[in-house]
Amino acid sequence: MPQDRYFSYKKSQIENFLKLEFKNKFSSAGKISIRKRKKFIDTMTKKVSKQFGKDVLFLINFSKQGFCAVVSPV
């Protein structure tokens, strides 16, 4: 049980980190080119693995309203 709590806490930390980075990188969520999306995903992969560990698996889905992030421990 304590491990599940640890991962849920870490999950919320990572989701908040991704939302903050998205707001800093893109001012509006209108049209974001594929090249910028790919670059954002690459940089987030590096930053998240450096800050939270390499055993984190996450998925970023871009939509017209912004983006959705799904985080799960490996």
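Before reading on, note that the structure itself is shown above.
Predicted model only: the values in this text are computed from it and were never measured.

**Focus on the packing of aromatic side chains**
The description of an aromatic ring pair rests on the distance of the ring centres and on the angle between the ring planes.
Turning to step 1, where the next piece is worked out: Following the criterion strictly, the structure yields six aromatic pairs and no others.
Turning to step 2, where the next piece is worked out: Judged by centre distance (6.2 Å) and plane angle (50 degrees), the ring pair of Phe22 and Phe62 falls under tilted. Of the two residues, Phe22 sits in helix α1 (residues 2-25) while Phe62 sits in strand β1 (residues 56-63), which places them 40 residues apart along the sequence.
Turning to step 3, where the next piece is worked out: Ring centres of Phe40 and Phe62 lie 6.0 Å apart, and the angle between their planes is 70 degrees; this geometry places the pair in the edge-to-face category. Remark: Phe62 occurs in strand β1 and Phe40 occurs in helix α2 (residues 34-52); sequence separation between them is 22 residues. For the pair shown, Phe40 and Phe62 are each scored as buried.

**Considering the nonpolar core**
Turning to step 1, where the next piece is worked out: Counting residues in each nonpolar core, the largest one holds 16 residues, and the members touching the most others are Leu18, Val48, Phe58, Ile60 and Phe62.
Turning to step 2, where the next piece is worked out: Every element with two or more residues in this core is listed here: α1, α2, β1 and β2 (66-73).
Turning to step 3, where the next piece is worked out: When neighbours within four sequence positions are excluded, Phe58 is seen to be in contact with Leu18, Met44, Thr45, Val48, Val70 and Val71.

Conventions used here
Residues numbered from 1 in each chain as written. Predicted model: local features only at pLDDT ≥ 70, side-chain atom pairs only at ≥ 80, totals over all residues. Heavy atoms only, no water. Phe/Tyr/Trp six-rings, centres within 6.5 Å; stacked < 30°, edge-to-face > 60°. Helix = DSSP H or I, 4+ residues; strand = E, 2+ residues; numbered from the N terminus. Buried < 20%, exposed > 50% of the residue type's maximum accessible area, 1.4 Å probe, protein only. Core = buried A, V, L, I, M, F, W, Y, C linked by side-chain atoms within 4.5 Å. Contact = heavy atoms within 4.5 Å.

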